[in-house]
Amino acid sequence: MHGAMSRLKIEMTMRNRSAWNTAALVGSAMAGKLPRFDEFFRSDTAVDRGPQSPEQQEAALRVLAATWGAV
């Protein structure tokens, strides 16, 4: 799950960067000023929630089982 979370963070950063670059190109063509990328997408806002409790893990597995038709 850590690998999947890392992959999702990388994908989100790439998409945010792409959106910002598009806005920068359009913004400089139209208005000429766009705030820096770091002002829009701050990396320090992530909250470390720690490991899941056994109850949280069981609830997540029950949802997956129901979604996949195992229940």
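Computed from a predicted model, the values in this text were never measured in an experiment.

## Description of helix α3 (residues 54–67)
Taking 1.5 Å per residue, 14 residues should reach 20 Å; α3 reaches 20 Å between its end C-alpha atoms and fits that length. Little of α3 is tucked away: one of the 14 residues are buried. Count one or two residues on from α3 and you reach Gly69, which has phi positive near 80°.

## Points about the environment of Asn21
Tracing the sequence through the fold places Asn21 in helix α1 (residues 2–30). Distance from Asn21 to Phe37, taken between C-alpha atoms, is 8.6 Å for residues 16 residues apart in sequence.

## Points about a nonpolar patch on the surface
Residues Leu61, Leu64 and Trp68 make up a contiguous nonpolar surface patch of roughly 370 Å² in combined accessible area. You can call Leu64 partly exposed: its relative accessible area is 35%.

## Points about the environment of Ser43
When you line up the elements, Ser43 lands in the loop between α2 (37–40) and α3. As for Ser43 and Thr13, which are separated by 30 residues in sequence, their C-alpha atoms are 9.4 Å apart.

## Quick notes on the pattern of salt bridges
In total, this model carries two salt bridges according to the counting rule given. Taking the shortest distance from any N to any O, the salt bridge between Arg7 and Glu11 comes out at 3.1 Å. Here Glu11 and Arg7 lie together in helix α1, a separation of four residues that amounts to about one turn. You can call Arg7 partly exposed: its relative accessible area is 45%. Overall, the relative accessible area of 28% leaves Glu11 in the partly exposed class. Between Arg62 and Glu58 there is a salt bridge, and its shortest N-O distance comes to 2.7 Å. Of the two residues, Arg62 and Glu58 are both situated in helix α3; the distance of four residues between them amounts to about one turn of the helix.

Calculation rules
- Residues numbered from 1 in each chain as written.
- Predicted model: local features only at pLDDT ≥ 70, side-chain atom pairs only at ≥ 80, totals over all residues.
- Heavy atoms only, no water.
- Helix = DSSP H or I, 4+ residues; strand = E, 2+ residues; numbered from the N terminus.
- Expected span 1.5 Å × (residues − 1).
- Buried < 20%, exposed > 50% of the residue type's maximum accessible area, 1.4 Å probe, protein only.
- Patch = residues over 30% accessible without salt bridge, like charges linked within 9 Å, V, L, I, M, F, W, Y side chains within 5 Å.
- Areas by Shrake-Rupley, 256 points an atom, 1.4 Å probe, with all protein chains shown as cover.
- Salt bridge = Lys/Arg side-chain N within 4 Å of Asp/Glu carboxyl O.

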